[in-house]
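# Commentary on secondary and tertiary structure
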Amino acid sequence: MRRYVLRRVAAFVATLFFVSALVFVVVRLLPGDPATLILGVESTPETLARLRHAMGLDRPLALQYVDWLARAVRGDLGTSIQYDLPVGRLILSRLPVTLPLALLAAGMMVAIAVPLGVYAATHHRRIGDYAAMIVSQLGIAVPAFWSGLLLILLFSVRLGWFRSGGFDGWSAGVWAGVKSLLLPAVALGAFQAAVLVRATRSAVLEILREDFVRTARAKGLTETRVIRRHALRNAMIPIVTVMGLQLGQLIAGAIVLESVFALPGLGRLALGAINARDLPVVQGVTLFVAGSIVFINFAVDLAYAALDPRIRYE
Amino acid sequence: MRYRRHVSFALGVAITIVLAGTAALSLVYTPRDPLAMAGASRLEAPSRAHPFGTDHYGRDVLSRVMAGAPTSIAVGVIAVGIGALAGIVLGLVSGWIGGWLDEGAMRLVDAVQGFPAILSALLFSAVFAPGIGISMVAIGIAFVPAFARVTRGAVLELRDREFVVAARALGARDRRLVLRHILPNTMAPLIVQATTSFPVAILAEAALAYLGLGTQPPHPSWGLMLKEAQNFLGMNPWFAVFPGAAIALAVLGLNLLGDGLRDLLDPTTV
């Protein structure tokens, strides 16, 4: 176990290194350089050279990368051109929107998908199973941002129960905050649930074929007990793996839904930065989100090993 | 079960044919000019003249939905192509050569997994101007890890099989072994991967266009139409319905097709 964990940690660090290198390389593909971007193309060569020197852009690229990485590791992601604030602080200020949205959607996903998947598996090849599979097939086909629009159409434009977007912050109370995030979380969670239902169903189906399930039934346990104590518990291992992979998708999806519902989260921060040509912010957000997704995948790997004692190093 | 499989596969094939047919047709014929504006007939509900209604410039939504189909398909094909090409090369190299190169390549693949299409598109759009090329590349990159893992897995499984060892004993070099003996045998899972990636690409293209990072106006794209429709939800809700339904239908058809193909090509999965 210890060796496995050490190996995973080493792999995680190597992966993070690649993530940072990818972000750095893409930003440096920029025609011209960040100094030109800040000053504009009409700037004189002298001022440009001065700014380049001040920003350290005249040094070797590898050195600049190491320097940038060393500061990023300490949480210094540079300064926003548009807001003149540290990028790290901007990211932290937007997290209270994106994170609860992704978590709320994740909660919906699990609450819908696991019971429905278990139901479909225990009613294999019966009408309930087919119905669940048709619903999930339709759910996977409907893009989350479109169902978001349809939810706005129904619940804000027609019924007027919810606002069509916007977010007043958590200071207005927990319920007010949750209410602003509810529709986007439903749109996002339902889409991801459609994916998870199928994974849950096939995981439970596979376990139900195992000998120990037959034994449990043979010793006279009720079917509910067989499902809860024997089948679902073992099926949780593959289900948790899929859930973990979906968390990354949920973060990406949250970025899109923030736009649909005009929520001031990380995605809106990055999109606004693109229009303002605020490169440090885009770079910082990309690095932060990609790093978080890689971290989630790493955590899932570890959880996998903890859940399943059969898994050790390769 | 068999029968149900047949029905859903047939449905997938039918929807895919309709999608491809619509895309082909739209290149030579649409009921109206998809770009022609008409100030007098803005945001109209569906009618005989405009079966899907009109948009905020009075353009015919049916014609624009039709004209959006080739965009989706083109982005899908090119994005899957990019992902497949890069992923297969990466998978072949790391699976065949192994050792530290394999370890490094797999960490790179793990890192790329951290960049969903939305994230790459955000980064590229800040560096270059947003456009359809960016969505193709960004979506393609997101597919690289899956193709690389599938290829690598297949290579590892085939590497020490008898026919490969025999070919090597006959004096075949690495290049020939990989291209003539290994690669053709990895095709079945790769074709399955490509067909299941295609609908994902269509969803991603729509999302990127909606965010303004992909296809740019006045080019008709389903995602872009939804972005425009959002401003007029109260006035003409139909405008937001048809482009979204087109996306959902296309993705549904392609998913059913992909599931069916997987059953046909890969009998080991249930």
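Each chain has its residues counted from 1, running along the sequence as written. Chain letters start at A and ligand numbers start at 1, both assigned in the order the entries are written. In keeping with the model being predicted, local features are shown solely for residues with a pLDDT of at least 70 and side-chain atom pairs are shown and tallied solely at 80 or more, while totals for entire chains, interfaces and linings include all residues.

Next up on the list: the overall build of chain A. Labels follow the DSSP assignment, with helices taken as runs of H or I lasting at least four residues and strands as runs of E lasting at least two, numbered in each case from the N terminus. A tally of helices and strands in chain A yields 12 helices and zero strands. Reading the secondary structure of chain A in the N-to-C direction produces α-α-α-α-α-α-α-α-α-α-α-α. In terms of overall dimensions, chain A has C-alpha extents of about 85 × 60 × 35 Å along its principal axes. Burial in this document is a count-based property: other C-beta atoms within 10 Å of a residue's C-beta are tallied, and the residue is buried at 20 or more, exposed at 12 or fewer, or partly exposed in between, with C-beta positions derived from the backbone. The 314 residues of chain A split such that 37% are buried. The contact rule is simple: place each C-beta atom from the backbone, and if two of them lie within 7 Å, those residues are in contact. Taking all contacts inside chain A whose residues are at least 6 apart in sequence as the whole, residues at least 24 apart take part in 73%.

Helix and strand counts for chain B stand at 10 helices and zero strands. Taken from the N to the C terminus, the helices and strands of chain B come in the order α-α-α-α-α-α-α-α-α-α. Dimensions of chain B, computed from the C-alpha atoms along their principal axes, are close to 75 × 50 × 30 Å. The buried share of chain B, reckoned over its 270 residues, is 50%. For chain B, contacts bridging at least 24 residues in sequence account for 70% of all contacts bridging at least 6.

Let's shift gears to the environment of Leu250(A). All names here are of chain A. When you line up the elements, Leu250 lands in helix α10 (residues 223-260). A residue is classified by how many C-beta atoms lie within 10 Å of it, and Leu250, with 25 of them, is buried. With 141 residues separating them in the primary sequence, Leu250 and Met109 have C-alpha atoms 9.8 Å apart.

Looking now at unusual backbone geometry. The amide bond that connects Pro217(B) to the next residue, Pro218(B), takes the cis arrangement and shows omega of 5°. Looking at the secondary structure, you find Pro218(B) in the loop between α8 (187-211) and α9 (222-230). Even without glycine at this site, Asp84(A) takes up a positive phi of about 55°. Looking at the secondary structure, you find Asp84(A) in the loop between α4 (61-73) and α5 (87-122). In this model, Arg125(A) sits at a positive phi of 60°, which is unusual for a non-glycine residue. Within the secondary structure, Arg125(A) is located in the loop between α5 and α6 (127-141). According to the C-beta neighbour criterion, Arg125(A) is exposed, with 10 such atoms within 10 Å.

Here the focus is the nonpolar core. Any nonpolar core is a set of buried residues, restricted to Ala, Val, Leu, Ile, Met, Phe, Trp, Tyr and Cys, that join up through C-beta atoms within 7 Å. In terms of nonpolar packing, the biggest core is built from 163 residues, with Leu101(A), Ala105(A), Leu257(A), Ala270(A), Val282(A), Leu122(B) and Ala207(B) touching the most fellow members. Excluding residues within four positions of it along the chain, Ala105(A) makes contact with Ala185(A), Leu188(A), Gly189(A), Gln192(A), Leu250(A) and Ala254(A).

Quick look at the confidence of the model for chain B now. For chain B, the mean per-residue pLDDT works out to 88, and 96% of the residues sit at or above 70. Reported confidence for the predicted complex is 0.87 by ipTM and 0.89 by pTM. Residue-level confidence of the predictor is what pLDDT reports, using numbers from 0 through 100.

Before going further, it helps to spend a moment on the interface of chain B and chain A. Each partner contributes residues to the interface: chain B has 35 residues there, and chain A has 44 residues. For the side of chain B that touches chain A, the element with the most residues is helix α4 (residues 117-127) of chain B, which contributes eight residues. Grouping the constituent residues of the side of chain B that touches chain A by class yields 26 nonpolar, seven polar and two charged. Throughout this entry, Asp, Glu, Lys and Arg are counted as charged residues, while Ala, Val, Leu, Ile, Met, Phe, Trp, Tyr, Cys and Pro are counted as nonpolar. The remaining residues, Gly among them, count as polar.

All names here are of chain B. For helices, the fitted line uses only the C-alpha atoms of the stretch in contact; every axis is such a line through C-alpha atoms, and the angle between N-to-C directions lies from 0 to 180 degrees. The geometry of helix α2 (residues 61-97) relative to helix α5 (residues 132-158) is characterised by a closest axis approach of 5 Å and an angle of 35° between their N-to-C directions. α5 is crossed by α2, and the crossing has right-handed handedness. For the contact of α2 with α5, the residue count by class is 23 nonpolar, eight polar and two charged. What makes a crossing left-handed is the near helix being turned counterclockwise from the far one by less than a right angle; a clockwise turn instead makes it right-handed.

On to the environment of Pro218(B), then. With 11 C-beta atoms packed within 10 Å, Pro218(B) lands in the exposed category. Taking the C-alpha atoms as reference points, Pro218(B) and Leu35(B), 183 residues apart in sequence, are found 7.2 Å from one another.

This part covers the packing of α6(A) against helix α8 (residues 174-208) of chain A. Residues and elements named next belong to chain A. Close contact between α6 and α8 brings their axes to 8 Å; oriented N to C, the two are set at 135°. Considering their axes alone, α6 and α8 lie oblique with respect to each other. For α6 against α8, the interelement crossing comes out left-handed. Contact with α6, carried on its side by Ala132, Ser136, Gly139 and Ile140, involves Ala190, Phe191, Ala193, Ala194, Val195, Val197 and Arg198 of α8 and no other residues of that element. The residue makeup of the contact of α6 with α8, split by class, is eight nonpolar, two polar and one charged. Angles below 35 degrees are treated as roughly parallel, those above 145 as roughly antiparallel, those between 65 and 115 as roughly perpendicular, and all remaining angles as oblique.

Mean pLDDT over chain A: 87, with 96% of residues reaching 70 or higher. Model confidence for chain A, summarised as mean pLDDT per element, is weakest for helix α2 (residues 34-39) of chain A at 70 and strongest for α5(A) at 93.

Time to look at the environment of Arg201(A). Residue and element names in this part refer to chain A. Tracing the sequence through the fold places Arg201 in helix α8. Residues Arg201 and Ala121, spaced 80 residues apart in sequence, show a C-alpha to C-alpha distance of 5.0 Å. Those residues in contact with Arg201 that sit more than four places away from it in its chain are Gly117, Ala120 and Ala121.

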